[in-house]
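# Residue-level structure breakdown
Letter by letter, the chains look like this.
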Amino acid sequence: GNGLPCPRLFILVEADRHGKLWRNPREWAKNAGSVKLYLYFVCSHSLETVSDSCGIKVRYTREWLKAIAPALNASLDLIKISLALSVGSDCHLDVAKIGQMDEWAKGLLGPTEEAMFRSNDAANTGALQTLIGNSLSRVAEKAASSNVNWQSELVPVVDHETNEATFVMKKYASDFRIK
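Computed from a predicted model, the values in this text were never measured in an experiment.

### A word on the side chain of Thr-166
Within the secondary structure layout, Thr-166 lies in strand 5 (residues 164–169). The exposure class assigned to Thr-166 is buried, which follows from its relative accessible area of 16%. Among the polar contacts listed, one links the side chain of Thr-166 to the side chain of Ser-44, at a separation of 2.7 Å. Thr-166 has contacts with Ser-44, Val-155, Pro-156, Val-157 and Asp-159, leaving out every residue within four places of it along the chain.

### Focus on the sheet that holds strand 2 (residues 36–41)
Taken together, three strands build an open sheet; the order of strands is 1-2-3 and the sheet is antiparallel. Where the open sheet ends on each side, the last strands, each with one partner, are strand 1 (10–14) and strand 3 (56–59). Each strand axis lies, on average, 35° off the axis of its neighbour in the sheet, ignoring direction. Together, strand 1, strand 2 and strand 3 form the strand contacts of helix 5 (residues 122–146), whose direction differs from that of strand 3 by roughly 120°.

### Remarks on helix 2 (residues 62–85)
Taking 1.5 Å of rise per residue, the 24 residues of helix 2 would be expected to cover 34 Å, and the 32 Å separating its terminal C-alpha atoms lies within 8% of that figure. Of all bends in helix 2, the biggest is about 50°, found at Ala-69, and the proline Pro-70 comes one to four residues later.

### Side note on helix 5
An ideal rise of 1.5 Å per residue puts 36 Å on 25 residues; helix 5 measures up with 37 Å between its terminal C-alpha atoms. Along helix 5, the positions that sit buried rather than exposed are Leu-128, Leu-131, Ile-132, Ser-135, Leu-136, Ser-137, Val-139, Ala-140 and Ala-143. The secondary structure elements touched by the buried residues of helix 5 are strand 1, strand 2, strand 3, helix 2 and helix 4 (111–118).

Each value, and the rule that gives it
Every chain begins its residue count from 1, and numbering advances along the sequence as written. A pLDDT threshold of at least 70 governs which residues receive local features in this predicted model, and a stricter bar of 80 or more applies before side-chain atom pairs are shown or counted, although totals over entire chains, interfaces and linings include all residues. To get the side-chain values, take all heavy atoms of the structure and skip hydrogens and water. The secondary structure listing takes helices from DSSP runs of H or I that are at least 4 residues long and strands from runs of E that are at least 2 residues long, numbered from the N terminus. To sort residues, take the accessible area from a 1.4 Å probe on protein chains only and compare it with the maximum for the residue type: under 20% means buried, over 50% means exposed, and anything in between is partly exposed. Each polar contact in these results corresponds to two N or O atoms within 3.5 Å; when the atoms are within protein, one needs to be able to donate a hydrogen and the other to accept it, and residues that are neighboring in sequence are counted only if both atoms are side-chain atoms. Between two residues, a contact is recorded if the distance between any of their heavy atoms is within 4.5 Å. Being paired, for any two strands, means DSSP has found at least two bridges between them. For helices, the fitted axis covers only the stretch in contact; all axes are lines through C-alpha atoms, and the angles between them, taken along N-to-C directions, range from 0 to 180 degrees. Here the expected length of a helix is defined as 1.5 Å per residue gap, with one fewer gap than residues. A residue's bend is simply the angle between two axes: one fitted to the seven residues ending at it, one to the seven starting at it.

Function cannot be inferred from these measures alone, as they are strictly geometric.
Set out below in structure tokens:
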């Protein structure tokens, strides 16, 4: 990656439809020219998305979507696992919508990338992490160049279980501070 800080969890939402008229992402391609998307980072602790003022406007281009596909798929896989573990708790993301987005995002992967995601081979892990990291750097570039407001809501903390940096809403940051 290019070293720009960037949350690993994010979703894409169709502009002007935030929480309103949800359309399956597969519908987006049908009128790609007029589809405006926003990228919203997601808190790795609560699964809350950043507020509307922090949405990052992205143009619907197959090239860019293919470039971010590995990071998007990794993000949605993690979100799906977290949603499954947090059933019954107050969650901000809709399981069915995330499922539809995940199905669509899998279709953006090339055959080699798809095989890497499907494989449970430990030998693939490093290559997959590199693929996701490179893909995430494209997201980071976009985030850095278009709307940095999300940095006022999400802060990097160290996840003590994985010992890796993760991003959480400011209000949860104190839960992660080193005791």
